[in-house]
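The lines below spell out each chain.
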Amino acid sequence: MKSVTSRIVLVLLAVVFLLNACNEPTSIPEKSENPSQTPEASTENDVLYIRGAILHFLEDPAKVDVVQSFQYFENGLLIVKDGKVVEVGPYSALKSKIKGEVIDYSGKLIMPGFIDTHIHFPQVEMMAAYGEQLLEWLDTYTFPTERKYKDKAYSKKMSKFFLDQLLKNGTTSALVFATVHPESAEAFFEESHNRNMRMIAGKVLMDRNAPDYLLDNPEKGYLESKELIEKWHKKGRQLYAVTPRFAPTSTPEQLYKAGELMKEFPDVWMHTHMSENTDEIAWVNELFPDRNGYMDVYHHYGLTGPRSVFAHSIHLTDEEWKLFQETHSAVSHCPTSNLFLGSGFFNLKKADSLGIKVGIGTDVGAGTSLSQFVTLNEGYKIQQLQRNKLSAFKGFYLATLGGARSLELDNYIGNFETGKEADFIVVDFAATDLQEERISHSPNVEDKLFALMMLGDERNVAATYIMGKKLYERPAN
């Protein structure tokens, strides 16, 4: 009798186990704080048909006639397969190719995702810090905040928050500062890789003129950077940038080691700051008296080149403008930061006249918004103060294809040419009553885009797609 009972119990336990197994997922996705940001089911082998107004750029409006610089389809169709663009054009011309369900965003604008060419992910929590210019701001606010990022768990938590905020703002790629701690870069890459976002990032190199708790040394910084490069550069869509904070916080020995990394790994990026503040420039001249100015410091150590991006670059000498030309280095123009810290006005007109690559950076935390709409709004005002103009076409070019070109990524992202990675956003022309009223009086698409550039923010981003997968959708009101 006991034997029969035992067998019955065993059978019942087995049935319960099997029922539980059938009801359990094979892997449990991490809970999202915002359900609207949970990725959709994989569309890896599916074809997407996205309908709506479509805008993308083919060339810089400063280099060609404006009407030749972009394509705009009032009623367009974007076809995506396996995360890549297949075709884009008028709906009427492409509708015969539809072989599945159409995702209809009629009345909304479909654009390539925004590209942020300079941003500090650890500084999001200290945005809007009061009352200082650059050097004092670093000592008072930035360095104490960055101390926290030695803790990888904290870095991971803030990486998640940061990347979710980028998606909410329609930014699909960025050139990103971590902190001096390799844990911060490691956590960032893990989270970005999980989302399959094309990101460039790096651990900061800094061995002087900062608190002891944020300093590495030339050899340590070199070895930690090398380890991160070997692990993360070109892993999926992740890319690495050698990242000296700026010349004053690195000794000549450390800048030399940074140059060595660029020689050993010639396909990585270089990301730093330059000529943001007049006091900073004077300090560089004191620290490097043998060099012919700020940019010559970087050039001397092998840190200029096509994949070198210098944030700000406001107060440039004629020799420095020439070095930008000769080395094909790029500028990240950061309007909100330059105004917030009282740093000065970037000369976009001169950069255009010299053929220098320029992208837009939100900077953060000196910048005051993660939104490219808001950043372009401030960029327009900076040009107005210099008696120049920033058109909507030029602005959105800088935020998309211009950003991709400045990062040497235009073979992959930046517009909807066939074969490009399908990172795109869906934009609501009128997310507020005021915007709706303003847009209702727009006589043409140029005026609509300008109103969007001046009045838009994250509320205008209805959805964000990464490689054809929707990773963010604006919650319903």
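First things first, this report covers the structure right here in the doc.

About the thresholds
Every residue gets a number counted from 1 within its own chain, in the order that chain's sequence is written. Residue-level local features of this predicted model are given only where pLDDT is at least 70; pairs of side-chain atoms are given and counted only at 80 or more, and the full residue set underlies all totals for whole chains, interfaces and linings. Side-chain measures here rest on the full set of heavy atoms in the structure, leaving out hydrogens and waters. Helix and strand definitions follow DSSP, with helices as H or I runs of at least four residues and strands as E runs of at least two, each counted in order from the N terminus. To estimate the expected span of a helix, subtract one from its residue number and multiply by 1.5 Å. Working definition: with a 1.4 Å probe on protein chains only, accessible area under 20% of the residue-type maximum means buried, over 50% means exposed, and in between means partly exposed. We call two N or O atoms a polar contact when they sit within 3.5 Å, provided that within protein one can donate a hydrogen and the other can accept it, with sequence-adjacent residues counted only if both atoms are side-chain atoms. The salt bridge definition used is simple: a Lys or Arg side-chain nitrogen within 4 Å of an Asp or Glu carboxyl oxygen. Here, any two strands with at least 2 DSSP bridges between them count as paired. Here, axes are lines fitted to C-alpha atoms. For helices the fit covers the stretch in contact, and angles between N-to-C directions go from 0 to 180 degrees.

## Quick word on helix α14 (residues 372-385)
Moving on, step 1. Over its 14 residues, α14 extends 20 Å from the first C-alpha to the last, a length consistent with the 20 Å expected when each residue adds 1.5 Å.
Moving on, step 2. Burial in α14 covers these residues: Q372, F373, T375, L376, N377, E378, G379, Y380, I382 and Q383.
Moving on, step 3. Capping the start of α14, S371 holds a side-chain oxygen 3.1 Å from the backbone nitrogen of F373, two or three residues further along.

## Quick notes on the pattern of salt bridges
Opposite charge on two side chains lets them pair, provided their charged atoms get close.
Moving on, step 1. Applying the stated criterion to the full structure yields 32 salt bridges.
Moving on, step 2. Between K156 and E190 there is a salt bridge, with its nearest N and O atoms 2.9 Å apart. On the criterion of sequence distance, the pair formed by K156 in helix α5 (residues 152-168) and E190 in helix α6 (residues 182-195) is long-range, its members being 34 residues apart.
Moving on, step 3. The exposure class of K156 is partly exposed, given its relative accessible area of 25%.
Moving on, step 4. For K220, the salt bridge identified is with E224, shortest N-O distance 2.9 Å. On the criterion of helical spacing, the pair formed by K220 and E224 is a turn pair, its members being four residues apart in helix α7 (residues 218-232).
Moving on, step 5. Accessibility expressed as a relative area gives 16% for E224, which makes it buried.

## Focus: the sheet that holds strand β1 (residues 47-57)
Moving on, step 1. Taken together, seven strands build an open sheet; the order of strands is β3-β2-β1-β4-β14-β15-β16 and the sheet is mixed. At either margin of the open sheet sits one strand with a lone partner, and together these are β3 (84-90) and β16 (469-473). Within this sheet the neighbouring strands show an average axis-to-axis angle of 35°, counted without direction.
Moving on, step 2. Bridge count for strand β2 (residues 70-81) against β3 is six bridges, and the pairing is antiparallel. Across the sheet, K81 pairs through a bridge with K84, a residue of β3.

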